[in-house]
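A look at the structure
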Amino acid sequence: MFEGFDKLSVIERQDAFLDQWVSAEGIEFAGEENRAAYKERAGLVASALKIDQDIKRVPIMPLTTFAPTMLAGVSGREAMYDPDKAGQAYLDFCNIYQPDTAGAAPMLGCGQALDTLKYNLYKWPGNGVAENLSYQFHEKEYMKADEYDHLISDPTDFWLRSWIPKTMGALAPLADMQPVYGSMELPMLSSWLISLGTPPMQEALQALLKAGKQYFDWINALGAYMAQIMAAGFPFGAGGATKAPFDTLSDSFRGTTPLMMDMYRRPEKVLEAVERLVPAMIKNGADGAMANGNPLVFIPLHKGADGFMSDEQFEKFYWPTLKKVMYGLAEVGCVPCCFVEGGYNQRLQYLADTADIRSMYLFDRTDMAKAREVLGGKVCIAGGFPISLILTGTPEQVREETKKLLDAAAGDKGYMLSIGCAMDEAKDATLRAFIEAGKEYGKY
């Protein structure tokens, strides 16, 4: 990535990537004032991640999904099927509310491609969810207990020939495809190619090509607005995304209840599986960050929350492989940014283990005073503001709560102000109050 990169320490690699991101090299700005604004905003984020004592203000990083489109009067369905409406809404959101980081419109997804694939893993507006709402995860047991060995021995083959056929209805014929290893020699080539030539497989491949073209066209349309967002002076709050191995296994493969039982019935298989997923999770996050020139890798944490599993189980099943993913990302210069869903009041001591790399934990329902007590000055912390107050409170209540949160969490200069969840909805007056109060009370 950089000259002499392999000779740098892990933190030096992360700082080098952060500095490159802040430099705004390669971005075409609308004007010099926009360049200065971008560098100031990205610089605030980088300084908070470094816990730089010279930082001047708390960066404001609202985590958004459908909120920009909903505020613009664009329905969930329109947002997922019209990239121009979605992109314009995200651009307008930045210009109106002036946050320090922009949300990523690609998180909304391409509705047409989901239709083509007959995607089962989510329900989305107009397909299982009302058109005015956002999408919802559709959890099922997409991986059976007897498939652990397949996943462990060959994750790619499992993904391609077992999991994808179950989660994408149009690609169900991939389950009958012969393993790709048959392509290595002429005598074995025929069986693999014949399996690709069957009418059901040909239909599946055509659907895959169509969905790929739809996503390609969709991201090219959105890309123009993303370029405008940066040109206006707003850095994006993430360059890549990945997941904790346990969450991948639980959310997308086994399902919550089956995996909870697996922790008792076949714990060794669970441990083997999450270890096997570590390299893929590192690569997934790092590839996006490198492609976008943005070191921040978003990692939503789902099943490690207080009350979901015991401390002993967290220490055994969840934390070791999440930590390996975080350190693997740091090794290549990325900064793992964990969205800590639920409460982590009894987990904070584990998070302090990552004090020897740049990392960030954005909290949902964790006591932020306690988070600062345990983590302050060690790792960057963020979040803690209740979305309920944005949706049901008054601007005055929001201002008061923002000041209270900053007093509790920001004293060590390694804090970023954010809502404690990804916003699907927001109210104009309270969101303005939140950001304005952050800038007023967040000065050091």
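Cut-offs applied
Residues numbered from 1 in each chain as written. Predicted model: local features only at pLDDT ≥ 70, side-chain atom pairs only at ≥ 80, totals over all residues. Heavy atoms only, no water. Helix = DSSP H or I, 4+ residues; strand = E, 2+ residues; numbered from the N terminus. Buried < 20%, exposed > 50% of the residue type's maximum accessible area, 1.4 Å probe, protein only. Contact = heavy atoms within 4.5 Å. Areas by Shrake-Rupley, 256 points an atom, 1.4 Å probe, with all protein chains shown as cover. Lys, Arg positive; Asp, Glu negative; His and termini not counted. Charge placed at Lys NZ, Arg CZ, Asp CG, Glu CD. Pairing = 2+ DSSP bridges. Salt bridge = Lys/Arg side-chain N within 4 Å of Asp/Glu carboxyl O. Polar contact = N/O pair within 3.5 Å; in protein donor to acceptor, adjacent residues only side chain to side chain. Disulfide = S-S within 2.5 Å. Axes fitted to C-alpha atoms, helices over the stretch in contact; angles between N-to-C directions. Parallel < 35°, antiparallel > 145°, perpendicular 65-115°, else oblique. Left-handed = near helix turned anticlockwise from the far one by under 90°. Nonpolar A, V, L, I, M, F, W, Y, C, P; charged D, E, K, R; others polar. Phe/Tyr/Trp six-rings, centres within 6.5 Å; stacked < 30°, edge-to-face > 60°.

Quick look at the overall build of the protein chain now. For the protein chain, the count of helices and strands is 19 helices and nine strands. With the principal axes as the frame, the protein chain shows a C-alpha extent of 70 × 50 × 45 Å. Each of the 444 residues in the protein chain was classed as buried or not, and the buried ones make up 53%. Pairs at least 24 apart in sequence give 72% of the contacts found in the protein chain among residues at least 6 apart. Accessible surface, the protein chain: about 18800 Å² in total, of which carbon and sulfur atoms supply 53%. Treating the 43 positive side-chain charges of the protein chain as one cloud and the 58 negative ones as another, the clouds have centres 2 Å apart.

The strand order S2-S1-S3 describes an open sheet built from three strands, whose pairing is mixed. Among the strands making up the open sheet, the edge pair consists of strand S2 (128-129) and strand S3 (136-137). Pairing between strand S1 (residues 122-125) and S3: two bridges, direction antiparallel. Counterpart to Tyr 122 in the pairing with S3 is Phe 137.

This next bit is on the side chain of Arg 41. Structurally, Arg 41 can be placed in helix H2 (residues 32-50). There is no salt bridge for the buried Arg 41, and the closest opposite charge comes from Asp 100, which lies 4.1 Å off by N-O distance. Polar side-chain contacts of Arg 41 include one of 3.4 Å to the backbone oxygen of Pro 99.

Taken as a whole, this structure holds zero disulfides when the rule is applied. We note that Cys 338 lacks a disulfide partner, and the nearest cysteine sulfur, in Cys 337, lies 7.7 Å from it.

Take the packing of helix H13 (residues 267-292) against helix H14 (residues 311-331) next. The description of two packed helices rests on the angle between their axes and on the distance between the axes. The interhelical angle for the contact between H13 and H14, taken along N-to-C directions, is 20 degrees, at an axis separation of 9 Å. By the angle between their axes, H13 is roughly parallel relative to H14. The two elements H13 and H14 cross, and the hand of that crossing is right-handed. The segment H13 lies against H14, with Pro 267, Val 270, Leu 271, Val 274, Glu 275, Val 278, Met 281, Ile 282, Gly 285 and Ala 286 engaging Lys 316, Phe 317, Thr 321, Lys 324, Val 325, Gly 328 and Leu 329. Classifying every residue of the contact of H13 with H14 by side-chain character gives eleven nonpolar, three polar and three charged.

By the definition in use, this model includes 19 aromatic pairs. For the ring pair Tyr 122 and Phe 137, a centre distance of 5.3 Å and an interplane angle of 85 degrees mean the geometry is edge-to-face. Placement of the pair is Tyr 122 in strand S1 and Phe 137 in strand S3, with a sequence separation of 15 residues. On the accessibility criterion, Phe 137 (34% relative accessible area) is partly exposed. An aromatic cluster is defined as three or more aromatic residues linked by ring pairs; in this entry it consists of Phe 246, Phe 314, Tyr 318, Trp 319, Tyr 344 and Tyr 350.

A few words on the pairing of S1. Two elements, S1 and S2, share two bridges in a ladder whose sense is parallel. Each bridged residue has a counterpart across the sheet, and for Trp 124 the counterpart in S2 is Gly 128.

Looking now at the sheet that holds strand S4 (residues 240-241). Spatially, the six strands line up as an open sheet ordered S4-S5-S6-S7-S8-S9, and their pairing is parallel. What marks the edges here is a single partner per strand, and that holds for S4 and strand S9 (415-416). Looking at chain direction, strand S5 (residues 296-301) and strand S6 (residues 335-340) are connected through six bridges and run parallel. Paired with Leu 296 across the bridge in S6 is Val 335.

Once that is clear, we can look at the environment of Ser 23. Checked against the element boundaries, Ser 23 lands in helix H1 (residues 10-23). Assessed through its relative accessible area of 30%, Ser 23 is described here as partly exposed. Polar side-chain contacts of Ser 23 include one of 2.6 Å to the backbone oxygen of Gln 20.

Attention now goes to unusual backbone geometry. A positive phi angle is found at Ala 24, which is not glycine, with a value near 65 degrees. Structurally, Ala 24 can be placed in the loop between H1 and H2. Not every positive phi belongs to a glycine, and Lys 118 is a case in point at roughly 55 degrees. The topology assignment puts Lys 118 in the loop between helix H6 (111-117) and S1.

Moving on: the environment of Ala 211. As for its position among the elements, Ala 211 is in helix H10 (residues 199-231). It is 6.7 Å that separates the C-alpha atoms of Ala 211 and Leu 117, two residues lying 94 residues apart in sequence. Contact partners of Ala 211, with chain neighbours within four places excluded, come to Ala 113, Thr 116 and Leu 117.

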